[in-house]
Structures are given as C-alpha cells and as structure tokens.
Amino acid sequence: MTVAVRQWPAEGVARVPYWVYSDRDLFADEQARVFRGPTWNFLCLEAELPKPNTYRTSAVGAMPVVVTRDNDGKLSAFENRCAHRGSLLCINERGEARDIVCVYHNWSYDLAGNLTAVAFRKGMGGKGGMPADARPDENPPRKLRVETLCGLVFGTLDSNTPPLEAYLGPEIVKGIRRVMRAPVRVLGGYSQMLASNWKLYMENVKDSYHASLLHTFFTTFRLNRLTQKGGLVISETGGNHISYSFAADTGGKEYEKAGMRAAQEGFGLEAPEVLAHVDEYGDGIGLQILSVFPTFVLQQTRNSLAVRRLVTHGLEKTELVWTIFGFTDDDEAMTERRMRQANLIGPAGYISMEDGAAPGFVQRAVNSASDVLSVVEMGGRGITSDDTRVTEAAVRGFWTFYRAQMGF
Amino acid sequence: MPKSGDRFSEKHALGLDPKNHAPTKISAMDVETTFKVQDLLARYIQALDHDRLEDWPDFFTDSCRYLVTTADNLAQGMPIGMIYATSRAMLRDRVRSLRDANVYEAQRYRHMIAPPVIERGEGGIVRAQTSFMVVRIMHTGETMMFVTGRYDDRILLDDADTPRFVEKTVVLDSRQIDTLLAIPI
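Worth saying up front: this structure is predicted, and the values here are computed from it rather than measured.

**Q** Whenever I open this one, the overall build of chain B confuses me. Can you help?
**A** Along the backbone of chain B there are four helices and eight strands. N-terminal to C-terminal, the α/β element order of chain B is α-α-β-α-β-α-β-β-β-β-β-β. Counting only residues that meet the buried cut, chain B has 50% of its 185 residues in that class. Total accessible area on chain B stands at roughly 8500 Å², and carbon and sulfur atoms take up 53% of it.

**Q** What is the right way to read the pairing of strand E4 (residues 117-120) of chain B from this model?
**A** Within a regular beta strand, the side chains point alternately toward one face of the sheet and then the other, so they alternate between its two faces. Residue and element names in this part refer to chain B. Direction of pairing for E4 relative to strand E5 (residues 125-138): antiparallel, over a ladder of four bridges. Within E5, the position partnered with valine 117 by the bridge is glutamine 129. The turn joining E4 and E5, which pair antiparallel and follow one another in sequence, is formed by four residues; a positive phi near 65° is taken by glycine 123.

**Q** I tried to follow the packing of helix H4 (residues 198-206) of chain A against helix H9 (residues 353-366) of chain A on my own but got confused; where do I start?
**A** Angle between the axes and distance between the axes are the two parameters that describe a pair of packed helices. All names here are of chain A. At a minimum axis distance of 9 Å, the contact between H4 and H9 shows a crossing angle of 125°. In terms of orientation, H4 and H9 fall into the oblique class. For the crossing formed where H4 meets H9, the hand is right-handed. Mapping the contact onto sequence places Leu200, Tyr201 and Asn204 in H4 and Asp355, Ala358, Pro359, Val362 and Gln363 in H9. Split into classes, the residues belonging to the contact of H4 with H9 amount to five nonpolar, two polar and one charged.

**Q** I'm lost on the nonpolar core in this one. Help?
**A** In summary, soluble globular proteins display a tendency toward joint burial of nonpolar side chains. Counting 137 residues, the largest nonpolar core has Phe325(A), Trp399(A), Tyr44(B), Tyr66(B), Leu181(B) and Ile185(B) as its most contacted members. It is helix H2 (residues 28-49) of chain B that contributes the most residues to this core, seven residues altogether. Counting contributing residues per domain, this core is built from domain 1 (50-146) and domain 2 (170-406) of chain A, each supplying no fewer than three. Look past the residues within four positions of Tyr66(B) in its chain and what remains in contact with it is Tyr44(B), Trp56(B), Phe60(B), Ile83(B), Tyr84(B), Ala85(B), Leu91(B), Lys168(B), Val170(B), Pro184(B) and Ile185(B). Among the nonpolar cores identified, the runner-up in size contains 14 residues, and Tyr55(A), Leu89(A), Ala97(A) and Tyr109(A) belong to it.

**Q** Looking at this structure, how should I read a nonpolar patch on the surface?
**A** Together, Leu88(A), Ile91(A), Val103(A) and Tyr104(A) make up an exposed nonpolar region whose accessible area comes to about 430 Å². Relative to the assigned elements, Leu88(A) resides in the loop between strand E5 (75-79) and strand E6 (94-96).

About the thresholds
The residue numbering used here restarts from 1 in each chain and proceeds along that chain's sequence as written. Chains and ligands are labelled by the order in which they are written, letters from A for the one and numbers from 1 for the other. With the structure being a predicted model, the display of local features is reserved for residues of pLDDT at least 70 and the display and counting of side-chain atom pairs for 80 or more, all residues being used for whole-chain, interface and lining totals. Calculated side-chain values reflect all of the structure's heavy atoms, with hydrogen atoms and water omitted. Per the convention used, a helix needs a DSSP run of H or I reaching at least four residues, while a strand needs a run of E reaching at least two, with both numbered from the N terminus. Partly exposed describes any residue whose relative accessible area lies between the buried limit of under 20% and the exposed limit of over 50%, with all areas from a 1.4 Å probe on protein chains only and scaled to the type maximum. Methods summary: accessible areas were calculated by the Shrake-Rupley approach with a probe of 1.4 Å, and residue burial reflects only the protein chains presented. Pairing between two strands requires that DSSP report at least two bridges joining them. Inter-axis angles, ranging from 0 to 180 degrees, are taken between N-to-C directions of lines fitted to C-alpha atoms, where helices are fitted over the stretch in contact. Throughout, the term roughly parallel applies to angles under 35 degrees, roughly antiparallel to angles over 145, roughly perpendicular to angles from 65 to 115, and oblique to all others. Put simply, a crossing is left-handed when the front helix is turned counterclockwise from the back one by less than a right angle, and right-handed when it is turned clockwise. Contacts are assigned to residue pairs with any non-hydrogen atoms lying within 4.5 Å of each other. Nonpolar residues are Ala, Val, Leu, Ile, Met, Phe, Trp, Tyr, Cys and Pro. Charged residues are Asp, Glu, Lys and Arg, and all others, Gly as well, are polar. Nonpolar core, defined: a set of buried Ala, Val, Leu, Ile, Met, Phe, Trp, Tyr and Cys residues in which side-chain atoms within 4.5 Å join the residues together. Domain start and stop points were drawn from an automatic or database domain assignment. Put simply, a patch holds well-exposed residues, over 30% relative accessible area, that have no salt bridge, with like charges counted together within 9 Å and Val, Leu, Ile, Met, Phe, Trp or Tyr side chains within 5 Å. Salt bridge, as applied in this entry: a Lys or Arg side-chain nitrogen positioned within 4 Å of an Asp or Glu carboxyl oxygen.

Function cannot be read off these values alone, since they describe shape.
Given below as structure tokens:
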C-alpha cells in the first residue's frame, strides 16, 4: 500500500476507507502508534490478582504483557519478554511468584520487571560467563505505567499519555464508577477468535445503530419496547463512548406478563425467567455499553456484567477476551440471576453471538475493495453526544481519535 | 442435587470418583445400564448432528440443568459459562431463538464420543462421564476441529420411562471458541 492511498477521504470521518482493515503495513504501524502509543490499554481486573505475589499475563495489542502484584500489593506491568534472548518470561496465564524467572536461561526479575540475576554470569570454575563490561539489561522488557480505576487495571507504554481519568473524560469516568459499584468477584471467562481486523469489532461495539437491527432476539420474542429511552455519550476526544438505555420493565413482572401474552400468540419466551433482573443500580438503566480507545469494553446488560478486551493476533485475527463478574456482596439469588442472564452474552449469547460474526462478514467482503469507502452518516457527520441511539456518532468518534493517533 | 456450595467444584463436575476409572469387574446389570447410557448419548449427538434441534430438549427432564462451560472456569470454582439452562423450557427457547432470531452462517456439527465411564448413584440416577470431539462443517465446506471436552452427566434411568439427562455439564477443554457457538454441544 502506498502512502498516497493512505489519504483519508475528504469527507472526513463520515467515510471510512476499506484499506484500514486490509493493509498489512498499517497493522504494524498501529502496534507502534496506537497500542504502544499514547493510549490506555485495559490489562485485567484487580480481582484477577487478588493476592500479593501473583501475576497474570495479558496483552497490549499484539505485545504480550505480564501484570503483577508484589508483596506490598503494588501493581506493575511489563513486556513479557526476556532481556536476554527474547523468550516469554511467563508462559502460564496466571500464577503465584515472588520473582519472575525466565524459563529459557533462568534470568530473574523482580515483580516490577527489573532484571535481578543472570544465571552463571561469572561462569563456572573461572570459565565461561559474561565479559566484565557486559550490560545484560541493555534491552529490558518495556515497563508500562499502570493506573487503576474502580478495580480496572490499565497500562500505557508512552510517557506522553495523559493521566487515566483525563484520557477517559469525566462522563466515561462516571459511567465506569456507576457499573463498578463494589469489590469485584470474577464469575467466569472465555474468549472468541474473530476472523476480522480489531477495528471492525470496536466499530461494532460503538455502533448503537445496529443493535436493534442485527440482534433480533428481543424483537422476535417481543421483549423490546420501541419507546425505550436511551442515548449516546461520547468523550471529547471521540475515542471513548457510552451507549445506554433504560430497562423496559420494573423488576421482571412486566416481562413475565409480556411473555405470557406473547406466548398465546406463539411468540414470547417459554421461560422468561432467563431475563428476570433487578435494578441493582437504582437508576433504571438496563443496558450500558462503555468503550475506551483502543480496545476496552465494559458491559452492563441488566445484571450481566463483563469486561472485554482484544488481543490483535494478526491483521484478520483478533481474540475477544471476556471476563464475567459480579460483586463480593452478591447473594446466591444474584449469582443465579447473573448466570441466567449470561445467556445473552459471549460466543453463544442470544445478543452477542452475532457480534462475533458480523465483523467477519465485513472483512470477507472488503478485502477486495480496499479503494472503496463505507458511509457513516447516521445521525449526521459529527461526534457529539445525543439522546438517540439511531446514530453512528460513536463510530465517527472512534475514527476521529484513531486518525489523530495515526497521523492521517 | 449436591449442596450449592460445591455444585461447581471440579470434584462434583467430574461426578465420578477417580479410583473408579480403574479397570473393574462388570456385572450383568452394569452391562444393561451401560447400553442404556450409550444409547442415550448416541441418540443425543445424532439429534444435534442431524439438525433435529427441536428434539434436543426432549433428552432432558423438565427441571434439568444444562451448562456449557470451560475446564478452567470449573477449576477456579467460577460458575458462569457460555450456555446455562435450568429447565427444558429454557432449552426450547434456545432452539426457537436459533431458528427464528439469531443470525449465523449455516453450519453442522459432527460429534464423536468415547465410551462413557459410568457410576451408579441413588434413586435411579446414573453418573456418566464421556469425552467428545466436535467437528464443525460450514456451508462453505470449511471443516474444522471446533471443540473438545467431556460431558459430565447425571442421567435418570427409570424403567418406566425413557432415559433422560437430569443434569448435563459440557466441560470444554479450551476457553477459546472460533467466532461463535450457535448449535448446542
């Protein structure tokens, strides 16, 4: 792909050129400019590192990362790459450790990612070993700056990244604080391998317009209210967003009635208890999808709560990692509710199932149309917040922030 | 049902005492039980593989429990998986959603199962653990190893009625699913 082709269309973010999903060079540039650039990348939940002297692996784009909690409870994150020959330092997803020892040649690091020992550095019996002037930590694993918000752990590799809350913007911070209302208990996890570019999934998340059109579960079973109020909030930068709607019912009874009435017509759910929920936030909001550029999603679908992050394995290979959670103060009934409502999300989710496939549908179609543009004009051409979800403003916000990172 | 505290533990999910996996003597009664269980499993996977999804809920009792989860979730004592139903009605809802609501590309499965390891319980309940592999065949012809794992089943073997699953925990070996999981396992 030549630089000339990388001219963004004159229409601005109301158009997206299809080469953004199929250009190999661009994928490499994104790793440096987006993921290792001035952005905050979600790494894991603090609850995934519940004890001192534990680690878990994560990723920033395609870069493998280790997140640790040291003896004093302090969180650190660094590249999962040995300073010596570049091997992965941690090969397990999680574990307990007082130090990190590379499996290949036993070089040791503390939990902040500092090299502390080189095996046989002085050789044996006066032979071998490293020269006296050797600097074994010349190419250390890169360290991330870590910040947390309400139990969410973010990391950045760029010293120019603004503080986390400034990066998020006040509305997004508020949206995060709302969902993360208590100490977290992790309830499960899984991942989906998507045959698409990472940006197609993030567009899907920010596309509040597709929700009632692609996902026909609610409409088919007549569970959706067209009058449901909701809206879209976009951070000033464009990169982060919240899409929300108020629950159509109050405490589940209306759904049961709707289910029974519709059942007579041969439609409603036979077992509407799958959706029975309580208003645990006390504000009537039944759905809140929140995203943070580049690849973080915080989801509240009634009482089903999850964080999602992407690992960019390749240009057209993206892993969507889900962590489903509740709170430590949940009683057994709440856990059961969260279990049932988890039927809505994930690879087999009544709602989320299609989101795994739709980005692949686009990828397969546009690979041979790199010089063609997609039209993103629902709700106008701007990136402002709105009280309707029939808009693509958050998608345009994504591209606004993306272009700023990429320099085109 | 086991106590709620241990219902997701690895020990319960296995459903079987590991020492019973060793070779053992087989009585004539065991032979009959084994055949009944194997027949139920064979018909179950055939219904799924032959796109008879409407028959799938009938392999379960009314108040059944069906969970698709991962070995890792179970090992960590975490209750949430990918599909969860607590009644046959919920299974019927899932079939109707797959038929009428959800959008996914045409696909089929081919299940292969190993002979089950069986342990008799009380009240006509038999526990069976069965390894499986599922190959997914897309409408394009693309054929892939989709998932592997084990069924941890509690089966009601009542002479008066057809054998049915009281509880079926589908424990996937991997936490990673290619694109989506539409058809049940």
